Amino acid sequence: TTEQGLYLKEVERLPVAPSANSFDTYSQLENGQVVWYRAADPLLVDSLKSLNMPELPFIGLLSAPANVLRSLVTRDPGFIMTNLLRDSVSAYVTSGSNMTPFVGTMVNFGKGLVNQSPGMKALFDVGALGGYELNQNIEQSGRNLYNDLAKKAGKDAVLLRPFKSLWEALEKGTTASDAATRMAIYERVMEETGNEAEAISRAMEVMNFNRKGNSILVRIATAALPFFNARLQGLDLFYRASTGRMDTHDAQRIKFNFWLRGATMMALSVMYYMAVAGDDEYEKQEQETKDNNWIIHSLGIRIPIPFEVGTLFKTMPERITAYLMGNDTGKELKDSTVRAFLNTFGFNPIPQTFKPLIEVATNYNFFTMRPIVGQGMQDVAPQFQTGPGTSKTAEYLGGVLGVSPLKLDQLIKGYTGTMGGYVVDVVDAISNEFSDVPKASKRFSQMPIIKRFALDPEARGNVTQFYDLQKSVDTFVRTANLLEKTARPEEYAKYVTENLDMLAAKDYVSNVDKTMTELREMKKL
């Protein structure tokens, strides 16, 4: 590449080493000697350096669990449908194109499934779609190619063909969902400009997963943290669209449309919250469900929001409005912000190899930001720590191993995602046929795929809020008692004055706790 750079006059050879390292200089060995060059385009040099980065010895240990989870999650039909909705809204805001969210995406998804879209073929031909099987190392790419040729020649294992066919069908659905919004952008830009290169470029920028850099740290993070690369690319696109830095001739128009459509979504989000606030079906949903979905309680459904666009223009305006209206506390606003930062933006730094184990060891779910084993079960022997949704498989393994079935379910989901949950459901269904112990049948809202879009009629958001309030009141009471017993009257008076709301809620919380205890005892009977 240096020879090509010299030929194009993009690179010049330096007679001596530079006095100090500079961003536009680099060195390489030639016949055992260090030779220095200055590049006219340092970014090009950086991109070429990244192509020859050595394979890190421990990267396989970190990347394997993340790759497994990514594969199992992205092939879930529920995820495919969710991805269609999220990409459609996100592209509507960030692309600046005159597209109709949902409608065009769903039509193109159908075309992609039956391979009847010229746009999809054009995007495949230039590598804007597909190519995921060739984005690993050379050895793995060779194995993938061999397996593909064996399948086409009919030499793959006969017994595995049904399972491979199902897996390939799910993979095709994932590819079609990824292509649907890109195809809508491609077709719209072609109509507006007739420039295919522009249309392909804009379609790729819906989410360009193939952007790379030469940072070892980022390379490790994208390998070890599931979906971190997607979040990184999403934030980069968000930044460029919002600041007018898109690599197109109409970058300022994209910027204008971004803020216009974002402000419209923000205003609608505030109006939406004011319409649903106080509704029983809305209020009893968990906070993370409210943050990550548009809830249509009259239809019993929820619509997942896009990540970056949804967080800025839907979640945060709702939570701020709830705080200003007195419906949320400062702690709830803070928790929603932290949850968005760690999960929506993908900035949880714990590798997937260790994350589920750390959650189980600390009894803390990083997504819900609540204990895995709730207060009512923490003093129970581990093998009997179960809940209404605990799988029979986890109950059996918990009894054999003497560990908490609630934590086992969390561990299974942490490493295998939704698809792993489906496998556990199948095992449970088979075991129920040969068991004398009755097991409650699943509600419609708990069925696979359906549960991604159906509201849970048995959601315990109100219960969770009560326990948060009870914890705050208990902390207030213990602190006030300490200050009183240690004869610190000034600090006691100041503390009580600053927390009069906790003092006012003390008797109410005590009465509700007694009522809930009685209801739990009745439920056990």
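Report on the accompanying structure. (Residues numbered from 1 in each chain as written. Predicted model: local features only at pLDDT ≥ 70, side-chain atom pairs only at ≥ 80, totals over all residues. Heavy atoms only, no water.)

Topic: the packing of aromatic side chains
How we decide: Two aromatic rings, drawn from Phe, Tyr or Trp (for Trp, its six-membered ring), form a pair once their centres lie within 6.5 Å of each other, and the interplanar angle then sorts them: stacked below 30 degrees, edge-to-face above 60, tilted otherwise. Throughout this description, buried means an accessible area under 20% of the type-specific maximum (1.4 Å probe, protein chains only), exposed means over 50%, and partly exposed covers the range between.
This structure, assessed with the given rule, holds nine aromatic pairs. Taken together, a centroid distance of 5.0 Å and an interplanar angle of 85 degrees make the contact between Phe258 and Trp259 edge-to-face. Phe258 gets classed as buried once you look at its relative accessible area, which sits at 0%. Relative to Phe366, the ring of Tyr364 lies with its centre 5.8 Å away and its plane at 75 degrees, an arrangement referred to as edge-to-face.

Observations concerning the pattern of salt bridges
As a reminder, the rule being used: For salt bridges, the criterion is a side-chain nitrogen of Lys or Arg within 4 Å of an Asp or Glu carboxyl oxygen. Secondary structure elements are defined from DSSP: runs of H or I of at least 4 residues count as helices, runs of E of at least 2 residues count as strands, and each element is numbered from the N terminus.
Applying the stated criterion to the full structure yields 23 salt bridges. Glu205 is the salt-bridge partner of Arg240, the closest N and O atoms lying 2.7 Å from each other. Note that Arg240 is positioned in helix α11 (residues 228-243) and Glu205 in the loop between α9 (196-204) and α10 (216-224), a separation of 35 residues in sequence. Arg240 gets classed as buried once you look at its relative accessible area, which sits at 9%. Between Arg370 and Glu286 there is a salt bridge, with the nearest N and O atoms lying 3.5 Å from each other.

What about helix α12 (residues 251-276)?
Note on helix geometry: an α-helix contains 3.6 residues per turn, so any two residues three or four positions apart are oriented the same way. What counts, and what does not: Here the expected length of a helix is defined as 1.5 Å per residue gap, with one fewer gap than residues. Residues are treated as being in contact if the distance between any of their heavy atoms lies within 4.5 Å.
Look at α12: 37 Å from first C-alpha to last across 26 residues, which is about the 38 Å you get at 1.5 Å a residue. When α12 is considered as a whole, its buried residues turn out to be Ala251, Ile254, Asn257, Phe258, Arg261, Gly262, Met265, Ser269, Tyr272, Tyr273 and Val276. Tucked inside the fold, the buried residues of α12 contact α4 (77-94), α9, α11, α13 (280-283), β4 (293-296) and α15 (308-324). Immediately beyond the C-terminal end of α12, within one or two residues, lies Gly278, with a positive phi of roughly 95 degrees.

Points about the environment of Leu170
Looking at the element boundaries, Leu170 is found in helix α8 (residues 161-193). In this view, Leu170 contacts Arg75, Pro77, Ile80 and Met419; residues no more than four positions away in its chain are not counted.

Notes on the pairing of strand β5 (residues 301-304)
Formally: Think of it this way: DSSP has to see at least two bridges between two strands before they count as a pair.
Side-chain alternation along β5 places Arg302 and Pro304 on a buried face and Ile301 and Ile303 on a face that remains uncovered. By the bridge criterion, four bridges tie β4 to β5 in an arrangement that is antiparallel. Note that in β5 the partner of Trp294 across the bridge is Ile303. Joining the antiparallel neighbours β4 and β5 is a turn of four residues, in which Gly300 adopts a positive phi near 70 degrees.

A look at the nonpolar core
A general trend in soluble globular proteins is that nonpolar side chains are found buried together. Put simply, the test is: As used here, the term nonpolar core means buried Ala, Val, Leu, Ile, Met, Phe, Trp, Tyr and Cys residues forming a set that is joined through side-chain atoms within 4.5 Å.
Among the nonpolar cores identified, the biggest contains 21 residues, and Met265 and Phe313 are the most heavily contacted of them. Mapped by element, the contributors of at least two residues to this core are α4, α11, α12, β4 and α15. The element best represented in this core is α12, accounting for seven residues. Apart from residues lying up to four places away in sequence, Met265 is in contact with Val89, Val93, Trp294, Val309 and Phe313.

A short note on the sheet that holds strand β1 (residues 11-13)
Quick note on the threshold: What counts as an axis is a line fitted to C-alpha atoms, over the stretch in contact for a helix, and the angles between N-to-C directions run from 0 to 180 degrees.
Across the sheet, which stays open at both edges, the three strands sit in the order β1-β3-β2 with antiparallel pairing between neighbours. The open sheet is flanked by β1 and β2 (25-30), the only strands paired with a single partner. Ignoring strand direction, the axes of neighbouring strands in this sheet form an average angle of 35 degrees. Sheet analysis places β2 next to strand β3 (residues 33-39), joined by six bridges and oriented antiparallel. Bridge pairing in β3 places Thr25 opposite Arg38.

Regarding the pairing of β3
Where β1 lies against β3, three bridges are found, and the strand directions are antiparallel. If you follow Arg13 over to β3, its bridge partner there is Tyr37. Two successive antiparallel strands, β2 and β3, enclose a turn made up of two residues, where Asn31 displays a positive phi of approximately 55 degrees.

Focus: the environment of Thr264
Inspection of the secondary structure puts Thr264 in helix α12. Classification of Thr264 by relative accessible area gives partly exposed; the value is 41%.

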